[in-house]
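In case you want the letters, here they are:
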Amino acid sequence: MTASSAPRPDPFSDRRRWQWLALAAAVGVLVWLLAPILTPFVVSAGLAWLGEPLVRRLEKGGRSRSIAVLLVFSLMTLVIVLAVLLLIPLIENQVSKFIDWLPRFGAWLTGSAVPWAEQRFNIDLAGYVDPSAIIELLKQHWQEAGGIAATVFGGVSKSGLAVLGWIANLALIPVVTFYFMRDGAGMLAKVRDLLPRPVEPVVSQLTHESDQVLGGFIRGQLSVMISLGAIYAIGLTAVGVDLGILIGIVAGLVSFVPYLGAIVGLGAAVIATLVQHGDLMHLALVLGVFGLGQLLESFWLTPWLVGDKIGLHPVAVIFAIMAGGQLFGFLGVLLALPFAAVLVVVLRYAHARYTASQLYGAGDADAAMAEPSVIIVESVHARPLDADEDK
């Protein structure tokens, strides 16, 4: 038997299994201890990962790695700066409009919606609906949130070290992102060389599959979410809905759950249209906007941006983000999707190993299924011989 055909040692034998569990526990404890300083590095790694496909494409076009990284880094910086400068004033304006819109919503609820529902369904709702209490509760929480924010920012402004730390973390992100984009491939190659040889092929395969799963969601589904949010926001604003941008953003954010974005956005847009206009023409225009968005998503956005990529299940995304935020705060939210992608791939690999193991009995079942076929073949071939003997 040659060296190439020698059986490969099991990378997850009983002895190595405990070693991997100890290593995973040590990494978890290390992340928990370093959580306060890891956020800019995680953000930088995510930005570098997002720009890596474009860098590789420019490299294939004949540009050097440094020039390609510089071009992609400049483009990403420009996009982020423009997005912040455009979105923050828009969102602030929409929130102010929403607060001013609440009294009109209360008047519409008590003057139109509740009487119509009572007459239509012959039920008494007036005693259970008090929009003034709801509006006051929302305003009170809004004021409390503003007071808390003012207190927090006031405390931060009084603490020079906190301000310097926040500015340093913010300034660190573009610097670390640039170096990750330029030297990330070499860093990963060195990490791969440090892996134990028995586990290196399996770890490399799982890493590649994790990248595909995460890319299927980030570069696929997230692009669909942003596109749908822009379509809904622009369309609702064009048909005259004052809260169109806010509704479009919310609908786009929850669009990773199938049909949830359209349902939430359509319901909010219909209520906003009835409160603001109260006619069928604007209602039909709103329905047309969401109908156009669903057509674009089904026949163009999803086939083009997502295709046949294997992404993350919506339930897995929701649970990962909530669990990450609960365990590690903002850093946990950033690490939630990569961890969920790795967990999905590892579970898929464990399922494949289990179904091929002796414990599952796949080999015995295949052998049992193969035995009757031999008997049937023999009996089929035996019949012509018996017929010849009779003759």
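Rules of the game
Residues numbered from 1 in each chain as written. Predicted model: local features only at pLDDT ≥ 70, side-chain atom pairs only at ≥ 80, totals over all residues. Heavy atoms only, no water. Helix = DSSP H or I, 4+ residues; strand = E, 2+ residues; numbered from the N terminus. Buried < 20%, exposed > 50% of the residue type's maximum accessible area, 1.4 Å probe, protein only. Contact = heavy atoms within 4.5 Å. Core = buried A, V, L, I, M, F, W, Y, C linked by side-chain atoms within 4.5 Å. Patch = residues over 30% accessible without salt bridge, like charges linked within 9 Å, V, L, I, M, F, W, Y side chains within 5 Å. Areas by Shrake-Rupley, 256 points an atom, 1.4 Å probe, with all protein chains shown as cover. Salt bridge = Lys/Arg side-chain N within 4 Å of Asp/Glu carboxyl O. Arc of directions from axis to C-beta. Phe/Tyr/Trp six-rings, centres within 6.5 Å; stacked < 30°, edge-to-face > 60°. Expected span 1.5 Å × (residues − 1). Axes fitted to C-alpha atoms, helices over the stretch in contact; angles between N-to-C directions. Parallel < 35°, antiparallel > 145°, perpendicular 65-115°, else oblique. Left-handed = near helix turned anticlockwise from the far one by under 90°. Nonpolar A, V, L, I, M, F, W, Y, C, P; charged D, E, K, R; others polar.

Undergrad: For this particular structure, what's the right way to read the overall build of the chain?
TA: Per the secondary structure count, the chain includes 12 helices and zero strands. Shown N-terminal to C-terminal, the secondary structure of the chain runs as helices and strands in the order α-α-α-α-α-α-α-α-α-α-α-α. A burial count over the chain gives 27% of its 391 residues as buried. For the chain, contacts bridging at least 24 residues in sequence account for 70% of all contacts bridging at least 6.

Undergrad: Looking at this structure, I do not really get the nonpolar core. What am I missing?
TA: Side chains of nonpolar character tend, in soluble globular proteins, to be buried together. Membership of the largest hydrophobic core comes to 26 residues, with the highest contact counts inside it found for Tyr-232, Leu-236 and Val-286. The set of elements that each furnish at least two residues to this core consists of helix H3 (65-121), helix H6 (200-238), helix H7 (244-253), helix H8 (260-276) and helix H9 (280-306). Of the residues forming this core, the biggest block, seven residues, is contributed by H3. For Val-286, the residues in contact, after removing those within four places along its chain, are Leu-236, Val-239, Val-241, Leu-266, Ala-269, Val-270 and Thr-273. Counting residues in each nonpolar core, the second largest holds 18 residues, with Leu-214, Phe-217, Val-257 and Ala-340 among its members.

Undergrad: How should a nonpolar patch on the surface be read in this particular structure?
TA: Where nonpolar side chains cluster on the molecular surface, the patch consists of Val-29, Leu-30, Trp-32, Leu-33, Leu-34 and Ile-37 and spans about 610 Å² of accessible area. In terms of residue count, the dominant contributor to the nonpolar patch is helix H1 (residues 14-33) (four residues). Here Val-29 is to be found in helix H1.

Undergrad: Please explain the environment of Gly-46 as it appears in this structure.
TA: By the element assignment, Gly-46 lies in helix H2 (residues 35-60). Gly-46 sits 134 residues away from Phe-180 along the chain, and the two C-alpha atoms are 9.5 Å apart.

Undergrad: Would you mind showing me how to read H7 here?
TA: Residues spaced three or four apart along an α-helix point in a common direction, a consequence of the helix completing one turn every 3.6 residues. Considered for burial, the residues of H7 that qualify are Gly-244, Ile-245, Ile-247, Gly-248, Ala-251 and Gly-252. In a view along the axis of H7, the buried residues occupy a sector of 165°, so they form one face of it. Looking at the buried residues of H7, the elements they touch are H3, H6 and H8.

Undergrad: Which parts of the structure should I look at to understand the packing of aromatic side chains?
TA: Centre distance and the angle of the planes are the two values used to describe a pair of aromatic rings. This model, assessed by the stated rule, comprises seven aromatic pairs. Summarising the aromatic geometry, the rings of Trp-101 and Phe-105 are spaced 5.3 Å apart at their centres and angled 25° between planes, so their arrangement reads as stacked. Within this pair, Trp-101 and its partner Phe-105 are both found in helix H3, separated by four residues, close to a single helical turn. According to the relative accessible area criterion, Trp-101 is buried, its value standing at 12%.

Undergrad: Please clarify how the environment of Gly-235 should be interpreted in this entry.
TA: Counting through the fold element by element, Gly-235 comes out in helix H6. Expressed as a C-alpha distance, the spacing of Gly-235 and Gly-293, which sit 58 residues apart in the sequence, is 9.0 Å.

Undergrad: It is not clear to me how the side chain of Ser-210 should be interpreted in this structure. Could you clarify?
TA: Relative to the elements of secondary structure, Ser-210 occurs in helix H6. Once residues lying within four places of it in the same chain are set aside, the contact partners of Ser-210 are Ala-341, Val-342 and Val-345.

Undergrad: Please clarify how the pattern of salt bridges should be interpreted in this entry.
TA: Think of it this way: side chains of opposite charge can pair up when their charged atoms draw near. Summed over the entire model, instances satisfying the criterion amount to five salt bridges. In this structure, Glu-52 and Arg-65 form a salt bridge, with 3.0 Å as the shortest nitrogen-oxygen distance. Taken together, the residues Glu-52 in helix H2 and Arg-65 in helix H3 connect sequence positions 13 residues apart. Just as Glu-52 is buried, Arg-65 falls in that class too. The salt bridge partner of Arg-65 is Glu-59, with a shortest N-O separation of 3.1 Å. Linked through salt bridges whose partners overlap, the residues forming this network are Glu-52, Arg-56, Glu-59 and Arg-65.

Undergrad: Before we go on, may I ask you to explain helix H10 (residues 314-328) in this structure?
TA: Compared with an ideal rise of 1.5 Å per residue, which puts 15 residues at 21 Å, H10 spans 21 Å between its outermost C-alpha atoms and is within 8% of the ideal. Burial in H10 covers these residues: Pro-314, Val-317, Ala-320 and Gly-324. Buried positions in H10, seen along its axis, are confined to an arc of 125° and lie on one side of it. Projecting away from the buried face of H10 at angles above 90 degrees are the exposed residues Val-315, Phe-319, Met-322, Gln-326 and Leu-327. Against the buried residues of H10 lie H6 and helix H11 (330-355).

Undergrad: How should I be thinking about the packing of H2 against H3 in this particular structure?
TA: Axis angle and axis distance: for two packed helices, these are the angle between their axes and the distance between the axes, and together they describe the pair. Put simply, H2 and H3 touch, their axes get as near as 9 Å, and they point 130° apart. When the axis of H2 is compared with that of H3, the two are oblique. The two elements H2 and H3 cross, and the hand of that crossing is right-handed. In this structure, H2 contributes Leu-47, Gly-51, Glu-52, Leu-54, Val-55, Leu-58 and Glu-59 to the contact, and H3 contributes Arg-65, Ala-68, Val-69, Leu-71, Val-72, Leu-75, Met-76 and Ile-80. Looking at the contact of H2 with H3, its residues break down into 11 nonpolar, one polar and three charged.

The quantities given are spatial measurements derived from coordinates; they are silent on function.
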